[in-house]
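Listed below are the residues making up each chain.
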Amino acid sequence: MLPAFVKIVEVGPRDGLQNEKSFLPTADKIDLINRLSDTGLSVIEATSFVSPEWIPQLKDQREVFQGIEKKQDVSYPVLVPNKRGMENAIAAGAKEVAVFSTPSETFSQRNTNCSVAESLQRIEAVMQLAEQHHMRVRGYLSCIAGCPYEGAISPVAVTTLSEQLLQMGVAEISLGDTIGVGTPKIIETVLDHVLAKISTEKVAVHFHDTYGQALVNIYVALKMGIHMIDSSIAGLGGCPYAKGASGNVATEDVVYMLHGLGIETHIDLKKLIEVGCFITQQLGTLNRSRVSAALIAN
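Structure report, in brief. (Residues numbered from 1 in each chain as written. Predicted model: local features only at pLDDT ≥ 70, side-chain atom pairs only at ≥ 80, totals over all residues. Heavy atoms only, no water.)

### Quick word on the nonpolar core
The condition that has to hold: Take the buried residues of types Ala, Val, Leu, Ile, Met, Phe, Trp, Tyr and Cys, join any two whose side-chain atoms come within 4.5 Å, and each joined set is a nonpolar core. Relative accessibility under 20% of the residue-type maximum defines a buried residue, over 50% an exposed one, and the middle range a partly exposed one, all with a 1.4 Å probe and only protein chains included. Strands are runs of DSSP state E lasting at least 2 residues, helices are runs of H or I lasting at least 4, and numbering of each runs from the N terminus. Whether two residues are in contact is decided by their heavy atoms: any pair within 4.5 Å suffices.
Grouped together as the largest cluster of nonpolar side chains are 80 residues, with contacts concentrated most on Ile8, Val78, Val80, Val97, Leu175 and Ile229. It is helix H6 (residues 116-132) that contributes the most residues to this core, seven residues altogether. Once residues within four sequence positions are removed from consideration, Leu175 is found in contact with Leu141, Ile144, Val158, Ser162, Leu191, Val194, Val203, Ala204, Val205 and His206. Ranked by size, the runner-up nonpolar core spans seven residues in total, among them Val9, Val43, Leu79 and Ala98.

### So, the packing of helix H9 (residues 214-223) against helix H10 (residues 251-260)
Filter applied, for reference: For helices, the fitted line uses only the C-alpha atoms of the stretch in contact; every axis is such a line through C-alpha atoms, and the angle between N-to-C directions lies from 0 to 180 degrees. Note that the term roughly parallel is reserved for angles under 35 degrees, roughly antiparallel for angles over 145, roughly perpendicular for angles of 65 to 115, and oblique for everything else. Two helices cross in a left-handed way if the nearer one is turned anticlockwise from the farther one by less than a right angle. They cross in a right-handed way if the turn is clockwise. Basically, the charged four are Asp, Glu, Lys and Arg, the nonpolar ten are Ala, Val, Leu, Ile, Met, Phe, Trp, Tyr, Cys and Pro, and anything else, Gly included, counts as polar.
At a minimum axis separation of 11 Å, H9 and H10 run at an interaxial angle of 45°. What the angle tells us is that H9 and H10 run oblique. The two elements H9 and H10 meet at a crossing, and its hand is right-handed. Of the residues in H10, those touching H9 at Leu215, Ile218, Tyr219 and Leu222 are Asp253, Val254, Met257 and Leu258. Class assignment for the residues of the contact of H9 with H10 results in seven nonpolar, no polar and one charged.

Take it as geometry only, folks, not as evidence of what the structure does.
Put into structure tokens, the structure is as follows:
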């Protein structure tokens, strides 16, 4: 009933760091990604080519992407919000990108200042450039289990939007429980609808651990045939536009569980834990310095 192999998509350098209160120095971001590249991970989302005005924590996106040591057997996708972000990603040398939308109209407005229909228009512009440059595109869907503004989200809406993105040419869909409200029953219902229309080969899951449900939700997904999981080193992350959203599920926890289930990942758990210790120490030092500076200022 369980897959023999699971591919982990590491989102810590992007989704993890974008919600940190302090700006992690560029050299530390590069060091983090290089260390992750040495763990056996095959996909590491490196950064996001969003406007620095919206996500200042990733304002050094070009320097980070061009500064990392890229291994031949590792993919380094970047998130792009629109055509301009795509153009900047191409100029920086990106070979793979990710786009995003949501079935929640309100969240779409709060997150990207556009309607769901307008978000698809932006994605279409990205897809045209991706085709010209022979680039693979991944699609993210936010709030698949619930929205901080609209509450429960229809699994039918999630499925319909997933199909639309695949028809536009994205290679796979990552279903994100952005605020971590999903329970095994909710996730099972969503996946029942989605997998009735879309092959498991094209579906990944992306769970936040707000209520401690991420691992059990992943287990439900595994039993339903899902074999792509997004996670973030040390559980870093959250969405700056989703109030109450805590960090992503920790990559170390996911890999530990998968190995315990006899599922192969090709990832060295010991090395992964060492990277988790490294980034938490770096961020801890940074945040202590920020607090000290605030106390002095007051």
